[in-house]
Amino acid sequence: MSSLATFRTCAQTGLRVDGAAERMIKVHAVAGVLAILFGGIAAVLVLLTRWPAVHLLGPAMYYRALTFHGMNMLIFWIIFFEIAILYFAGPILLGSRVAWPRVGWAGFGLMVLGSLLIDVAILRGGADVMFTSYVPLRAVSYFYLGWILFAVGALIGVLNFFATLVVARAERTYEGSMPLVTFGAATAAIIAVATLAHGAIIYIPTWLWSLGVIQNLDAGMYRLVWWGLGHPSQQINVTAMVAVWYLLATLTVGASPVNEKVCRTAFLLYILFINLAAAHHLLVDPQLSPAWKVFNTSYGMYLAVLASMVHGMTVPAAVEVAQRKKGLSKGLFEWLAKAPWGNPGFAALVLSLALFGFMGGITGVTFGAEQVNIISHNTLRIPGHFHSTVVAGTTLAFMGLTYFVVPLIFRRYILAPKLATAQIYLFGIGIAIFAGGMTTAGSYAIPRRHWDVQFASSFFQPPIEPAAFFFLGVMGIGGLLAGLGGALFVAITVASVFFGKRVPDVPGAVPLAAMPPDRGQHVPISGTLVLVFVFLAAFVIYYFLNWKWLAAIWYVR
Amino acid sequence: MSIQTLKGVWWKKVDRSEKLWLGIALAWCLVLFAMMPLWHWKGGQNPSFETYRITAADYQAKVEAYVQKTKVGEDRGFPVVAPGPGEDVYMLGRLWQWYPVVKLKKGETYRLHLSSLDLVHGFSLFPLNLNFMVLPGYEYVLPITPTEKGEVYAVCNEFCGIGHHQMVGKIIVE
């Protein structure tokens, strides 16, 4: 087999690149960008309906568009892109061939087939069941089949990654320990196996139920197992995103992790604890005990939160050290002030890290406290939270990385590189405004997944705080900015791939950051320490404010 | 670099400033964890764990019998029930209503029973912002004490089909 693989040596990075890996990255990235295009169109329709001043769609189309948006964004865009990352972090970073090139195509084919079945089912009106498809809500049976095929296809991509790690080891394509980015990707891949297994465990019986083979599925059991898929699938995102942070820090400022032991141990904590957070969705359910809820929602004493807080320090610390080694060491923040802010990869890294931590992380942990969930569950606080993690965090990081994928893998220059940088800022700031408005509107009890919060057609018309309307308007404006940023992303990427100037095969054709010289000196990370303590202060304040708000509602005891 | 393989020993001692953050972050995680048991012990708002298995038909019969017994009036076609302090009160969720309308007294504690006759529903007291899940097959008992007079509304906040947004019930606190 190995004799069939054809390699090129990348003139920019010196990496040995298997043609099969490169093709897999291309097709998965293209599928991912198509998904974000479809999901993005639906996003704008959903947004313009939830903005009470516009209220665009009717109820049937709104619920359909919302289901379509959730599937294409949370599952297709993210997982296609993640599989692309695995084909980069495995074969390319280790200089190895792809273990099973043909099997890789089979996996990709199943993912495409599954996603098409799901999208067709939704668009034909056969699956107005939301992303979660809680039984006994029923969709057409090929919707569930689509989920199974997609999960199996993704699982094949993940297994191909593991097989490639084995091949690289056996054929000695590298020496020593695998790079940190590969290690992080492997962590994401392990979490993905657990996630996709839950997907199979829940969607196979649900599919049989939709065919009439199984008569009854318990709603509580479904929610328990389904969230073993639903939440961990977003933990693959978190883990892959952190790996991409380290990657972007290297590509943009030549950063190296300050201490590999710390970074890798933090990834290990993700494997051990992060999937327990599936409990976040079940905290106000009837079927589970408080002990179960408290242990699981806390990721086993918050050790996965600890991991994220570690990465939140080690990534900026790596940037700070690299910059200081280049001589930018005046005061606390010269390293940050003189960072390459005009580079879309760096802009994406900083915005992703800051928004994920300050908005997504803090809200997620707070709403995931068992009791605080009483004042958060299924309100707009929840989508406000996960748009800060999955969109402002993961998607933004992946967008920044795409501006390296296009020149290095597709070997085309980005058309309008300045516009690419502006795109990152527009999208990041737009999403921050959007998620801020959404989360705050949610604290006025505005429900998620709801067509009409003015309750015009219901039996009773609850009064609504004017402030809630204001924040829904903030959400609308931020969402439009982000929508524009997202459209620009698709336009720039597609135009560059088709019409961009070819990258010549000479060293330095794509400017990548050089590693700063190591003179063995001790470099302080005082700027980073200031930043993480600011973060901790924000965390503490927001967390205890929520307990105060909780204490003000009716007693439940 | 994070994209290069590591040769030699990389299991190195952790720098002091990194250690400082690790220690503080771990301490904060323990605080986060401690808050939940602490609130169970001292706090006034905790998800209950009094749950019974019940079929939709049985629960419906129970609620109907309860409404017959305690009905005190009507509001927009819904019966209004007024349980005495400390008593059980039953509500059901179905496509697309919360039934019946309930009248409570401020400062009194009631055992609120909730279940669904069909799909999964979200019981959200609006604009109070108190949220619980209501599942078919499970009878959930929440010991609640209203702390303010006025009307609150039970909004459904879990998607339950095309009429989901119409599903609004009412609780009056006197």
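All values reported here derive from a predicted model rather than from experimental measurement.

So, about the overall build of chain B. Per the secondary structure count, chain B includes two helices and 12 strands. Ordered by position from N to C terminus, the α and β elements of chain B give α-β-α-β-β-β-β-β-β-β-β-β-β-β. In summary, chain B has a C-alpha radius of gyration of 24 Å against a globular reference of 16 Å for 174 residues, an excess of more than 25%. Expressed along its principal axes, the backbone C-alpha trace of chain B runs to roughly 80 × 35 × 30 Å. Across the 174 residues of chain B, 45% fall into the buried class. If you take every contact in chain B between residues at least 6 apart in sequence, the share linking residues at least 24 apart comes to 55%.

Each helix and strand counted, chain A has 15 helices and three strands in total. Against the compact-globule benchmark of 24 Å for 557 residues, chain A has a radius of gyration of 23 Å, which places it among compact chains. Referenced to the eigenvectors of the C-alpha coordinate spread, the extents of chain A come out at roughly 70 × 55 × 45 Å. The buried share of chain A, reckoned over its 557 residues, is 60%. Put simply, 86% of the contacts in chain A that link residues at least 6 apart link residues at least 24 apart.

So, on to the sheet that holds strand β3 (residues 78-81) of chain B. Residue and element names in this part refer to chain B. The sheet built from seven strands is open, its strands ordered β2-β3-β6-β12-β11-β8-β9 with mixed pairing. Each of the sheet's edge strands pairs with one partner strand only, and the pair in question is β2 (71-75) and β9 (130-134). Strand after strand, the sheet turns through a mean of 25 degrees between neighbouring axes, direction not considered.

With that settled, consider the packing of helix α12 (residues 381-410) of chain A against helix α14 (residues 466-499) of chain A. All names here are of chain A. Between α12 and α14, whose axes approach to 10 Å, the crossing angle comes to 5 degrees. In terms of orientation, α12 and α14 fall into the roughly parallel class. Where α12 abuts α14, its residues M399, T402, V406 and F410 lie against F489, T493, S496 and V497. In terms of residue class, the contact of α12 with α14 is made up of five nonpolar, three polar and no charged.

A negative phi holds for most residues other than glycine; trans holds for most peptide bonds. A cis amide bond links L95 of chain B with the next residue in sequence, W96 of chain B, at an omega value of -15 degrees. With an omega of -10 degrees, the peptide bond between Y99 of chain B and P100 of chain B qualifies as cis. Within the element layout of this structure, P100 of chain B appears in the loop between β5 (97-99) and β6 (101-104). For M130 of chain A, which is not a glycine, the phi torsion comes out positive at approximately 70 degrees. Note on M130 of chain A: 19 C-beta atoms within 10 Å, which makes it partly exposed.

Let's shift gears to helix α9 (residues 299-325) of chain A. The end-to-end C-alpha distance of α9 of chain A is 37 Å, a good match for the 39 Å that 27 residues give at a rise of 1.5 Å each. Buried residues dominate α9 of chain A, accounting for 25 of its 27 residues.

A common way to state how big an interface is: give the accessible area lost once the parts meet. Per the domain assignment, the segments of chain B are domain 1 (12-44) and domain 2 (50-173). Placing the centre of domain 1 of chain B and that of domain 2 of chain B at their C-alpha centroids yields a distance of 39 Å.

Here the focus is the pairing of β3 of chain B. Residue and element names in this part refer to chain B. Examined bridge by bridge, β2 and β3 share four bridges and lie antiparallel to one another. When the sheet's bridge partners are listed, K71 is paired in β3 with V81. As paired strands, β3 and β6 are joined by two bridges and run parallel to one another. Residue pairing in the sheet places V80 in a bridge with V101 of β6.

Facing the 74 residues of chain B at the interface are 84 residues of chain A. Of all elements in the fold, only α1 (16-42), β8 (121-126), β9, β10 (138-145), β11 (150-156) and β12 (168-173) of chain B reach the threshold of two or more residues within the side of chain B that touches chain A. Broken down by element, the residue count for the side of chain B that touches chain A peaks at 17 residues, all from α1 of chain B. Across two bridges, strand β3 (residues 555-556) of chain A lies against β10 of chain B in antiparallel orientation. For Y555 of chain A, the partnering residue across the bridge sits in β10 of chain B and is T145 of chain B.

We now examine the environment of I424 of chain A. Residue and element names in this part refer to chain A. Tracing the sequence through the fold places I424 in helix α13 (residues 417-442). A count of 26 C-beta atoms within 10 Å places I424 in the buried class. When the C-alpha positions of I424 and L37 are compared, they lie 16 Å apart, and in sequence the two are 387 residues distant. Sequence-distant contacts of I424, defined by excluding residues within four places in its chain, comprise P344, A347, A348, L351, L396, M399 and G400.

Our focus in this paragraph is the packing of helix α1 (residues 19-50) of chain A against helix α3 (residues 101-123) of chain A. All names here are of chain A. The interhelical angle for the contact between α1 and α3, taken along N-to-C directions, is 10 degrees, at an axis separation of 10 Å. As judged from the angle between their axes, α1 and α3 are roughly parallel. Taking contact as the criterion, the partners of A20, M24, V27, H28, A31 and F38 in α1 are, on α3, P101, G104, F108, V112 and D119.

An ideal rise of 1.5 Å per residue puts 34 Å on 24 residues; helix α11 (residues 344-367) of chain A measures up with 32 Å between its terminal C-alpha atoms. With 22 of its 24 residues buried, α11 of chain A lies for the most part within the structure.

Once that is clear, we can look at the environment of G364 of chain A. Among the structural elements, G364 of chain A can be located in helix α11. Sequence separation between G364 of chain A and G384 of chain A is 20 residues, and the spatial gap between their C-alpha atoms is 9.6 Å.

Residue and element names in this part refer to chain B. Both β6 and β12 contribute to a ladder of three bridges, which runs parallel. Its bridge partner being in β12, L104 is matched across the sheet by V173. Bridge count for β11 against β12 is six bridges, and the pairing is antiparallel. For A154, the partnering residue across the bridge sits in β12 and is G169.

Scoring rules and cut-offs
- Residues numbered from 1 in each chain as written.
- Chains lettered and ligands numbered in written order.
- Predicted model: local features only at pLDDT ≥ 70, side-chain atom pairs only at ≥ 80, totals over all residues.
- Helix = DSSP H or I, 4+ residues; strand = E, 2+ residues; numbered from the N terminus.
- Rg over C-alpha atoms; globule rule 2.2 N^0.38 Å.
- Buried ≥ 20, exposed ≤ 12 C-beta atoms within 10 Å, placed from the backbone.
- Contact = placed C-beta atoms within 7 Å.
- Pairing = 2+ DSSP bridges.
- Axes fitted to C-alpha atoms, helices over the stretch in contact; angles between N-to-C directions.
- Parallel < 35°, antiparallel > 145°, perpendicular 65-115°, else oblique.
- Nonpolar A, V, L, I, M, F, W, Y, C, P; charged D, E, K, R; others polar.
- Expected span 1.5 Å × (residues − 1).
- Domains from an automatic or database assignment.

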